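This is what each chain is made of:
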Amino acid sequence: MVSKAISEQLISYISSPAGNRRLLCQDFHCAGFVEGRKDAPVLDHYRVLGLLFKRCTLLLPTRERLKYIHKIISEISCFKLCGCPSPTQCLGLLCYGAFLKILTAGWDELECHRVYIFLCDLTNLPRKIQILVSSKPGSSYKLELRVRLFCRHVLLDHWTQRTDSAFWLSRLLKPWPMVNQARLLYIFFGPVSSIDGHISWLKMTQGLADENSLRGLADAVKLLYDTEAKEWTADDVISLVDELSVVPQEWLLENNARLLILSGNSICFTFMASKAVNGRTADLATLVVFLALVCEKDLYCMDWAVKMMQRICRVFSTQQERKTFLQNVENSFSRIVMDLLQSVISGQRNEEDSSFLNLFHLVNAQANFHKEILYMTLNS
C-alpha cells in the first residue's frame, strides 16, 4: 500500500490479458439464481477484488483511481446500466455494488460525491432519470427496471451504516423537485410484478398492498426522516410522503395507512399532525379509521391507534376543535361501514370478492377501537 513500485507492478499485471482473465470473473448468470442473494461466490470474489484495487491504487488521487478502475472494468457488459440482456437474472450489478462498497469504504463525502458524479457521467444516469420522471408511469417500463436495478444494486443495497445509505439515496433524489422525488422513490422501492419484475404502478391505486409491498418504501422514508439524513428536514419527508401517496394517482386509503404504520410512530404522528394544523380534519378522521382497520387486519395492538388519536387531539388548540375531530372520526366509521354494506347488498364485488371480508374486518376494527377507548376511560 505504501510502495509505488509494487503498486505499479500490480496495476500492470491487473491490466494485462492474463490478469484480466484471472481477476475479472464474469460468472454472473449462475444456475439457481435468486434475486438479491448475498452469498454467491462471485460476490465474494468482487468484494476481495475491491479490496485489492483499494490497496494498489492507494497512492493515486481519487480522480485517477476512478479512471484506472473504469479502464479495467469497462469491458464487463453486465456492469453497465443497460448492458445485460437479462438483468433480472444477473448478479453483475450486485457484484459491481459490492466492489464499489469495499473500494470506497472510509472515503469522505467529497470523494464519494466524485464517485457519484463519475458514475453519472459513465452511465448518463441523470438523463435516463429525466426520461422516467417526465414520461407516463409504465411507458418506459424496461428503462424503469434498468434504473431500479442499477440504483438499488450498485448504489443503495450494500451499505450497513445508515449514514451511507442516506448519503447515496440523497444523491439520487435531491437534484429533483419533490414530485419527481416521490416518483423516483416508487421506482426504487415500490412493488414490482412477480412475473417480469416491472414496476407495479397500479398496485396502490387499484388493490390492497400487503406489508411486503410497502416495506421498502417505508424503510426509505424512515431512513430520510432519521438524523442520519442530514440534508432532509421533517417537513421535507412529510411532504415527500404526501406526494408519494398520489403516485401515479391517489392511493387507496388503506394502503396509505399501512405505509404510515410501517414508517413508525414519529412519521405517522408528524404526518397526521400536519393535517390537523392545516385544518384537514375530515381527511384526518378518515385516516384514523383506516389506521384502525389496518391494525385489525395486520394484528397490531388496537390501543396504538387509540393513543395516536389521543396525541392528535392534543394538537388542536381548543376543546371545540377536539370535539369536532372526534365527531368526524365517528361519522367516518359510520359512512365507511355503510358504503361497504351498500357494496355487499348491491352485489358490486371485485374479482377477489373481498367486499364482505372488508366489512367484517371494519366492523371488528370499530368494535375493538371503541373497546380500547372504554378500557382507557375505565382506567383513568
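Residues numbered from 1 in each chain as written. Predicted model: local features only at pLDDT ≥ 70, side-chain atom pairs only at ≥ 80, totals over all residues. Heavy atoms only, no water.

A. Structural context of the packing of helix α7 (residues 125-133) against helix α10 (residues 178-189). Two numbers describe how α7 lies on α10: the axes approach to 10 Å, and their chain directions differ by 100°. For the element pair α7 / α10, the angle class is roughly perpendicular. Within the contact between the two elements, α7 uses I129, L132 and V133 and α10 uses N180, R183, L184 and I187. Across the contact of α7 with α10, the residue classes break down as five nonpolar, one polar and one charged. (Axes fitted to C-alpha atoms, helices over the stretch in contact; angles between N-to-C directions. Helix = DSSP H or I, 4+ residues; strand = E, 2+ residues; numbered from the N terminus. Parallel < 35°, antiparallel > 145°, perpendicular 65-115°, else oblique. Contact = heavy atoms within 4.5 Å. Nonpolar A, V, L, I, M, F, W, Y, C, P; charged D, E, K, R; others polar.)

B. Region of interest: a nonpolar patch on the surface. A surface patch of nonpolar side chains, about 430 Å² in accessible area, is lined by M1, V2, L58 and L59. Here L59 shows up in the loop between α3 (41-56) and α4 (62-73). L59 gets classed as partly exposed once you look at its relative accessible area, which sits at 48%. (Patch = residues over 30% accessible without salt bridge, like charges linked within 9 Å, V, L, I, M, F, W, Y side chains within 5 Å. Areas by Shrake-Rupley, 256 points an atom, 1.4 Å probe, with all protein chains shown as cover. Salt bridge = Lys/Arg side-chain N within 4 Å of Asp/Glu carboxyl O. Buried < 20%, exposed > 50% of the residue type's maximum accessible area, 1.4 Å probe, protein only.)

C. Looking closely at the environment of F333. Within the fold, F333 resides in helix α18 (residues 319-346). A relative accessible area of 0% means that F333 is categorised as buried. Placed 47 residues apart in sequence, F333 and T286 show a C-alpha to C-alpha distance of 7.7 Å. Contacts of F333, omitting those with residues within four sequence positions, involve V289, A292, L362, Q366, F369 and H370.

D. Layout of the packing of aromatic side chains. Applying the stated criterion to the full structure yields 14 aromatic pairs. Taking the centre distance of 5.2 Å and the plane angle of 90° together, the rings of F167 and W168 count as edge-to-face. Take F167: its relative accessible area is 9%, and that puts it in the buried class. Clustering of aromatic rings is evident, with ring pairs tying together F28, Y46, F79 and Y96. Geometry around W232 places K174 over its ring, the cationic atom sitting 4.2 Å from the centre. (Phe/Tyr/Trp six-rings, centres within 6.5 Å; stacked < 30°, edge-to-face > 60°. Lys NZ or Arg CZ within 6 Å of the ring centre and 35° of its normal.)

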